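# Working through the structure, step by step
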Amino acid sequence: MTQLYTLKQKAHSLHTDIYALYLAYRDSRVRWYVQVLLAVSIAYAVSPIDLLPDLVPVFGYLDDVVIVALGLSVSYRLLPKAVLQEARLQAYEEMGQSVLAIKAISYAWLLLLTLLGILFYKFLHLPY
């Protein structure tokens, strides 16, 4: 159970760090080439178009991980420390407030999917 809790904490930390990078990207104190590097790294991570298709075993996913990790790592080093600190603080504040909303929306979707599953099950097992 502690491993699941640790995994949840790491996932939340990752989401917060990505949001902090987005906030730092929008800051006017960040140089243009760092903004371009951040934009390219995040766009490549989200984009369905890859240099190597994901159907190629191992290398299809490996290029995604290497390019995105390298781009974000270099961006972290090039970002001014003050901007990164402010962005992280703002991200933690905003993400902390939105956790309740995310949970409520998640539970609503879970309830809807459960109801649809029950209806689908009953529809398949109705006597003719």
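Look above for the structure.
Residues numbered from 1 in each chain as written. Predicted model: local features only at pLDDT ≥ 70, side-chain atom pairs only at ≥ 80, totals over all residues. Heavy atoms only, no water.

Let's shift gears to the pattern of salt bridges. Per the counting criterion, the structure on display carries three salt bridges. Ionic pairing is found between D17 and R88, a salt bridge with its closest N-O pair at 3.8 Å. Here R88 lies in helix α4 (residues 81-124) and D17 lies in helix α1 (residues 2-26), a separation of 71 residues in the sequence. The exposure class assigned to D17 is buried, which follows from its relative accessible area of 18%. Residue classification places R88 among the partly exposed positions, given a relative accessible area of 27%. Several salt bridges converge on common partners, so that one network encompasses D27, R29 and E86. (Salt bridge = Lys/Arg side-chain N within 4 Å of Asp/Glu carboxyl O. Helix = DSSP H or I, 4+ residues; strand = E, 2+ residues; numbered from the N terminus. Buried < 20%, exposed > 50% of the residue type's maximum accessible area, 1.4 Å probe, protein only.)

Below, the discussion takes up the nonpolar core. Within the largest apolar cluster, 15 residues are counted, with the highest numbers of intra-cluster contacts made by L38 and L79. Not counting residues up to four positions away in its chain, the partners in contact with L38 are L21, Y25, L72, S75 and L79. (Core = buried A, V, L, I, M, F, W, Y, C linked by side-chain atoms within 4.5 Å. Contact = heavy atoms within 4.5 Å.)

Time to look at the side chain of D27. Summarising the element assignment, D27 is placed in the loop between α1 and α2 (32-46). Other than its neighbours up to four places away in sequence, D27 contacts Q35 and V83.

Our next topic: the environment of Y33. You can see Y33 is positioned in helix α2. The class of Y33 is partly exposed, set by a relative accessible area of 36%. Once the C-alpha coordinates of Y33 and S75 are considered, the two residues, 42 residues apart in sequence, prove to be 9.4 Å apart.

Taken by themselves, the reported measurements are silent on function.
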